[in-house]
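Remarks on the overall topology
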Amino acid sequence: MASYDVIIIGSGPGGYVCAIRCAQLGLKTACVEGRETLGGTCLNVGCIPSKALLHASHQLHEAEHNFAKMGLKVAPKVDWKQMLTYKDDVIGQNTKGVEFLFKKNKIDWLKGWGSIPEAGKVKVGDEVHEAKHIIIASGSEAASIPGAEVTIDEKVVVTSTGALELGKIPKRMVVVGGGVIGLELGSVYARLGTEVSVIEFMDGITPGQDMEVARQFQKILTKQGLKFILGAAVQKVAATKTKATVTYKMRKDDSEESLEADVVLVSTGRKPFTEGLGLDALGVQMTDRGQIATDGSYRTSVAGIYAIGDVIDGPMLAHKAEDEGMAVAEMIAGQHPHVNYDVIPGVIYTHPEVGSVGKTEEQLKAEGVEYKVGKFSFMGNGRAKANFAAEGFVKLLADAKTDRILGAHVIGPMAGDLIHEVCVAMEFGAAAEDLARTCHAHPTYSEAMREAALACGDGAIHA
Ligand code: FAD
């Protein structure tokens, strides 16, 4: 039996970042991971592999649609096996990187599935280890389609995990769920030549997104070949070994329709993963959504046990899990950290990308806040035009009286990077004028951000 200051269960972005911070703060730390490799959903079957496939398929799109315009003559051919090998190499580099960081920081990796037989103890295999503090970072798993008959086989009917390693590129794919994961992976296959249909229960895609952005996003994806069936509730997915039929009901008139596909991707959200931890017996309080209930300091209802990341409330995002991981480590070490949940960016890594932070226009209206909008189209941005990336816009929302930035929504090139300028500005309580008066290098996409800030005042220059 080994004794630690902290044992973390799960090595996803919440768990591994937490372990590194604990070690940096002088705490004797171990991290339990049941997978073969470290890094959790994010590095193994989530953020990183999906971005590798998005990158590869975007290069194909550029070669097919834009290279010739620039005088580059190529005839690209897809080698799917090699694309998957590239994706697996990227995963390997990243998971090995975490392993290296564990060694560097003298963090013990306890290999196997962990449970908590009692507060202060973690069991892995036959071994029981002691810990003053236990942090649960066990993450999430794909949820099924609410109220529908469906069996996932990860070959014909797949979650995102199966979609990242299909045996071949399907001719037809139905994506159930028009959220971030479904649209990213749907984009990958659409670029590879698959006929992709997205069935979404709501009347628009990416629920919760600023609606003007969501509408523009849908238009752009439609132009790229994705088909959308909105306001439809999937009833059943019936599969054979090679294809599946998806039956759905249109919500407006209850009419029943069906679609055939070679692959059905179920991307209707994720749910917390707590199996095997022994939380019931411990009496750890759960929320009615199956998450571990925590207080503002990530403490569960059992003393000495904390929880962070996808397994607790809040957006299921890697960077949210990381921030909570650092915060709980610092708290245990006696510091006073703070995670600002009002400034957590969200990004969709399609092309164009979508990046957002803070309030949407719909939220401000609902809250009765008086606001102004500064908008700037990438059509007015020289760099974007040169790079065939002028679709989309920046929309900055600022308080009508004080000019304080309340939110930003970007659809356009590198939106996922551009958004961070606004995150920093919001953390400092900046006004739109602060952004507008900051010199931005020319020619960059970030000039569009400044122009949107100028549009909150006396007007954008290139509009
Ligand atoms: P996880 O990453 O889920 O890690 C939990 C780990 O705990 C797992 O490795 C699991 O094996 C281990 N574990 C669980 N129980 C035990 C146990 N009892 N014993 C030992 N080990 C255990 N988020 C973003 O921010 N950006 C993105 O671009 C993005 N893309 C995504 C794409 C896809 C396809 C998917 C599925 C998700 C994506 N996400 C993205 C979400 C992101 O992956 C999660 O929010 C993030 O991984 C959550 O981190 P976590 O540390 O809470 O848990």
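Residues numbered from 1 in each chain as written. Predicted model: local features only at pLDDT ≥ 70, side-chain atom pairs only at ≥ 80, totals over all residues. Heavy atoms only, no water.

Focus: the overall build of the chain
Across its full length, the chain carries 14 helices and 22 strands. Relative to the compact-globule value of 23 Å for 463 residues, the chain shows a C-alpha radius of gyration of 23 Å, a close match. Among the 463 residues that make up the chain, the fraction classed as buried is 50%. Of the accessible surface of the chain, which amounts to about 21,600 Å², a share of 51% is contributed by carbon and sulfur atoms. (Helix = DSSP H or I, 4+ residues; strand = E, 2+ residues; numbered from the N terminus. Rg over C-alpha atoms; globule rule 2.2 N^0.38 Å. Buried < 20%, exposed > 50% of the residue type's maximum accessible area, 1.4 Å probe, protein only. Areas by Shrake-Rupley, 256 points an atom, 1.4 Å probe, with all protein chains shown as cover.)

Describing the domain arrangement of the chain
We note that the domain assignment places domain 1 (3-142 + 271-332), domain 2 (157-268) and domain 3 (346-455) within the chain. Distance between the C-alpha centres of domain 1 and domain 3: 30 Å. Counting residues at the interface gives six residues for domain 1 and four residues for domain 3. Both sides of the domain 1 and domain 3 interface together cover about 560 Å² of buried area, and 74% of this is carbon and sulfur. The largest share of the area that domain 1 buries against domain 3 comes from Lys51, Leu54 and His58, three residues that together contribute 49% of it. At the boundary of domain 1 with domain 3, the tally comes to zero residue pairs in polar contact (both at pLDDT 80 or more). Tallied by class, residues from the side of domain 1 that touches domain 3 come to two nonpolar, two polar and two charged. (Domains from an automatic or database assignment. Contact = heavy atoms within 4.5 Å. Buried area = accessible area lost by both parts, 1.4 Å probe. Polar contact = N/O pair within 3.5 Å; in protein donor to acceptor, adjacent residues only side chain to side chain. Nonpolar A, V, L, I, M, F, W, Y, C, P; charged D, E, K, R; others polar.)

Focus on a nonpolar patch on the surface
A cluster of nonpolar side chains, contributed by Met70, Leu72 and Phe388, occupies part of the molecular surface with about 260 Å² of accessible area. Structurally, the position occupied by leucine 72 is in the loop between helix H3 (47-65) and helix H4 (80-104). (Patch = residues over 30% accessible without salt bridge, like charges linked within 9 Å, V, L, I, M, F, W, Y side chains within 5 Å. Salt bridge = Lys/Arg side-chain N within 4 Å of Asp/Glu carboxyl O.)

Notes on the site of the ligand
Taken together, 39 residues surround the ligand, and among them Glu33, Thr41, Lys51, Gly114 and Ala318 come closest. Contacts to the ligand include glutamate 33, whose side-chain N or O atom sits 2.7 Å from an oxygen atom. In the model, an oxygen atom of the ligand is placed 3.3 Å from a nitrogen or oxygen of the methionine 316 main chain. If the ligand stood free it would expose 990 Å²; the protein chains cover 96% of that surface. Secondary structure elements with two or more residues in the shell around the ligand: helix H1 (13-24), strand S2 (29-33), helix H2 (40-45), H3 and helix H9 (318-332). Sorting elements by how many residues they give to the shell around the ligand places H2 first, with four residues. Grouping the amino acids of the shell around the ligand by side-chain chemistry returns 16 nonpolar, 18 polar and five charged. (Near = heavy atom within 4 Å.)

Things to note about the nonpolar core
Phe102, Ile135 and Val328 are the most contacted members of the largest nonpolar core, which has 52 residues in total. In terms of residues, this core owes the most to one element, H1, which gives seven residues. Not counting chain neighbours up to four residues away, the residues in contact with valine 328 comprise Cys18, Ile135, Ser297, Tyr298, Tyr306 and Ile308. Ala56, Leu84, Ile220 and Val263 belong to the second largest nonpolar core, which has 35 residues in total. (Core = buried A, V, L, I, M, F, W, Y, C linked by side-chain atoms within 4.5 Å.)

Comments concerning the packing of aromatic side chains
Within this structure, the stated rule accounts for one aromatic pair. When the ring centre of tryptophan 109 is taken as origin, the NZ or CZ atom of lysine 111, which lies over that ring, is 4.4 Å away. Directly above the ring of tyrosine 445 sits arginine 383, whose terminal nitrogen or CZ lies 5.8 Å from the centroid. (Phe/Tyr/Trp six-rings, centres within 6.5 Å; stacked < 30°, edge-to-face > 60°. Lys NZ or Arg CZ within 6 Å of the ring centre and 35° of its normal.)

Some remarks on the sheet that holds strand S21 (residues 393-399)
In spatial order, the strands read S18-S19-S22-S21-S20; together these five strands make up an open sheet with antiparallel pairing. Strands at the two margins of the open sheet, each flanked by one partner only, are strand S18 (346-348) and strand S20 (371-377). Direction aside, the axes of adjacent strands within the sheet are offset by 10 degrees on average. In the sheet, S18 pairs with strand S19 (residues 353-358) via three bridges, with the strands oriented antiparallel. Each residue of the ladder has a partner; that of isoleucine 348, found in S19, is valine 354. (Pairing = 2+ DSSP bridges. Axes fitted to C-alpha atoms, helices over the stretch in contact; angles between N-to-C directions.)

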